[in-house]
Amino acid sequence: MKLLVTGGAGYIGSHVTHLLVARGDEVTVCDNLVNGHRAAVHPGARFIQGDLLHADTLRALFDGRRYDGILHFAAYTLVNESMERPWRYLRDNVLAGGNLLQAAAEHDVPRFILSSTANLYEEPQRLPISEDEPVQPGSPYGEGKHMIERMLSWMNRLQGMAGCSLRYFNAAGAHPQGHIGEDHRPETHLIPLVLQVALGQRDEITVFGDDYATPDGSCIRDYIHVMDLAAAHILALDALAGGELRACNLGSGHGYSVLEVLASARQITGHAIPARIGPRRAGDPARLVADNRSLRDWLGWQPQHTALHPIIASAWNWHRQHPRGYPE
Ligand SMILES: NC(=O)c1ccc[n+]([C@@H]2O[C@H](COP(=O)([O-])OP(=O)(O)OC[C@H]3O[C@@H](n4cnc5c(N)ncnc54)[C@H](O)[C@@H]3O)[C@@H](O)[C@H]2O)c1
């Protein structure tokens, strides 16, 4: 297939691009490199450095080109930042998504896969979280994603564009070869932060609250291996039939606590990884775990790495080989 991957120099987009190129798809990657890394882009992909907010980027991507599908990863991605800088999320992310959808519609692109988020479920009533849970975004970040989901639903209704929103839980881990991995600056995700302590780049880790109603008192999250997450995109792309519209939760279906992550990382790295218990963070629910049955039923997808150990071991493999991340 001829595919456009936006945000393909970022963490998840680069892993998906690697799988697509490996199976022979013709991939164009677009990224403004604001948070992405040129070295993360597969050398077999065509790379266009540009911002989806700019008309010249859209022209460079679409003029004289035909795509069988678009996978849209490009976005600002920090929930906390979105509370302080809401317009990056309610304006820039939404406009970038709208510009891309408009171009996709004008060029008759038949399939569109959107990176959405579990942040659409701020206070889930039932666990694990299914797609029946009412959408209630927990931040401007989540609200922006919801707006793009809604735009996609209109392109589906008006144009018959097949659309799939994948609502990710916590992506973690790295490609098994360890040549690409997670390099967010600043880093806010638990597993890479813990591994930064093991690398001597950070003194300790703060555990935000140990008095939640969970077995060990720390928060429980659903960590999905980035390769499992990437595999789901490929299956969704192939399965998405004309005119279809779906929204699916994409998590491993297993929850692990912050203290379990720490224990596993200590075992894998052989480092003591000192931790300090801090106060709870506002708005942090005790437990967020995906009900991934709709995706499994639709695609026959099965996450291969549901235990914590292989997820953290693959992340460690990448971080140990690239302690400073990608070259500047
Ligand atoms: N990492 C997670 O656990 C997680 C969880 C839920 C949802 N998501 C979503 O998945 C997607 C990928 O996340 P990630 O962790 O790989 O983030 P990332 O920051 O590593 O990748 C996003 C990429 O998009 C690029 N980008 C941003 N705005 C752009 C624009 N206007 N034009 C062109 N390029 C632009 C950035 O430079 C970056 O390379 C995002 O949409 C994010 O919201 C991620």
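Heads up: these notes are all about the structure in this document. Because the structure is a prediction, the values reported are computed rather than measured. (Residues numbered from 1 in each chain as written. Predicted model: local features only at pLDDT ≥ 70, side-chain atom pairs only at ≥ 80, totals over all residues. Heavy atoms only, no water.)

## Section: the overall build of the chain
Secondary structure summary: the chain contains 10 helices and 13 strands in total. Its C-alpha atoms give the chain a radius of gyration of 19 Å, within 12% of the compact-globule value 20 Å for 328 residues. A burial count over the chain gives 56% of its 328 residues as buried. Residue pairs in contact within the chain that sit at least 24 positions apart in sequence constitute 77% of those at least 6 positions apart. Carbon and sulfur atoms make up 49% of the accessible area of the chain, which totals about 14,100 Å². With 29 positive and 36 negative side-chain charges, the chain shows a separation of 2 Å between the mean positions of the two kinds. (Helix = DSSP H or I, 4+ residues; strand = E, 2+ residues; numbered from the N terminus. Rg over C-alpha atoms; globule rule 2.2 N^0.38 Å. Buried < 20%, exposed > 50% of the residue type's maximum accessible area, 1.4 Å probe, protein only. Contact = heavy atoms within 4.5 Å. Areas by Shrake-Rupley, 256 points an atom, 1.4 Å probe, with all protein chains shown as cover. Lys, Arg positive; Asp, Glu negative; His and termini not counted. Charge placed at Lys NZ, Arg CZ, Asp CG, Glu CD.)

## Here's the deal with the site of the ligand
Neighbouring the ligand are 28 residues, the closest being Ile12, Asp31, Phe73, Tyr141 and Lys145. Taking Tyr11, its main chain carries an N or O atom lying 2.9 Å from an oxygen atom of the ligand. One of the backbone nitrogen or oxygen atoms of Gly36 is found 3.1 Å away from an oxygen atom of the ligand. Contact with the protein chains hides 96% of the accessible area of the ligand, taken as 820 Å² for the molecule alone. In the shell around the ligand, the residues fall into 14 nonpolar, 11 polar and 3 charged. (Near = heavy atom within 4 Å. Polar contact = N/O pair within 3.5 Å; in protein donor to acceptor, adjacent residues only side chain to side chain. Nonpolar A, V, L, I, M, F, W, Y, C, P; charged D, E, K, R; others polar.)

## Details of the environment of Cys164
Here Cys164 shows up in strand β6 (residues 162–168). Separated by 78 residues in the primary sequence, Cys164 and Pro86 have C-alpha atoms spaced 25 Å apart. Aside from chain neighbours lying at most four places away, what touches Cys164 is Phe112, Ile113, Leu114, Leu152, Leu240, Arg246 and Trp298.

## Some points on the layout of surface pockets
Empty space among the atoms can be located by rolling a probe the size of a water molecule over them. Space inside the second largest pocket adds up to approximately 200 Å³. Asp183, Gln196, Pro323, Arg324 and Gly325 are the residues nearest the centre of the second largest pocket, which is lined by 15 residues in total. Of all the elements in the fold, those that place two or more residues in the lining of the second largest pocket are α6 (190–198) and α10 (308–321). Class assignment of the residues belonging to the lining of the second largest pocket gives a composition of 4 nonpolar, 6 polar and 5 charged. (1 Å grid on protein atoms, 1.4 Å probe; cavity = no way out; pocket = protein on both sides within 12 Å on 5 of 7 lines; lining within 4 Å. Points joined across faces, edges and corners; volume = space filled by probe spheres on them.)

## Structural notes on the packing of α6 against α10
Between α6 and α10, the shortest axis-to-axis distance is 10 Å and the interhelical angle comes to 55°. Taken together, the axis directions place α6 and α10 in an arrangement best described as oblique. Crossing of α6 against α10: the hand is right-handed. Facing α6, whose interface residues are Ile191, Pro192, Leu195 and Ala198, α10 presents Ile311, Ile312, Ala315, Trp316 and His319. For the contact of α6 with α10, the per-class residue count stands at 8 nonpolar, 1 polar and no charged. (Axes fitted to C-alpha atoms, helices over the stretch in contact; angles between N-to-C directions. Parallel < 35°, antiparallel > 145°, perpendicular 65-115°, else oblique. Left-handed = near helix turned anticlockwise from the far one by under 90°.)

## Points about the sheet that holds strand β5 (residues 111–117)
The 7 strands are arranged β3-β2-β1-β4-β5-β6-β10 in an open sheet whose pairing can be described as parallel. Of all strands in the sheet, those with a lone pairing partner are β3 (46–49) and β10 (245–250), marking the two edges. Averaged over all pairs of adjacent strands, the angle between strand axes in this sheet comes to 15°, irrespective of strand direction. As paired strands, strand β1 (residues 2–6) and strand β4 (residues 69–72) are joined by 4 bridges and run parallel to one another. Considered in β4, the bridge of Leu3 is made with Gly69. In the packing of helix α2 (residues 55–62) onto the sheet, contacts are made with β1, β2 (26–31), β3 and β4, and the angle to β3 comes to roughly 165°. Most of the contacts of helix α5 (residues 140–159) go to β5, to which it runs at about 160°, and overall it touches β5, β6 and β10. (Pairing = 2+ DSSP bridges.)

## Let's talk about the pairing of strand β8 (residues 205–208)
Taking every second residue as pointing to the same face, the buried face of β8 carries Ile205 and Val207, while none of Thr206 and Phe208 on the other face is buried. Summarising the sheet, β8 and strand β12 (residues 275–278) pair through 4 bridges and their orientation is parallel. Note that in β12 the partner of Phe208 across the bridge is Gly278.

## Structural notes on the state of the cysteines
Counted by the stated rule, this structure contains 0 disulfides. Free of any disulfide, Cys248 has its nearest cysteine sulfur in Cys164, 5.0 Å distant. Overall, the relative accessible area of 3% leaves Cys248 in the buried class. (Disulfide = S-S within 2.5 Å.)

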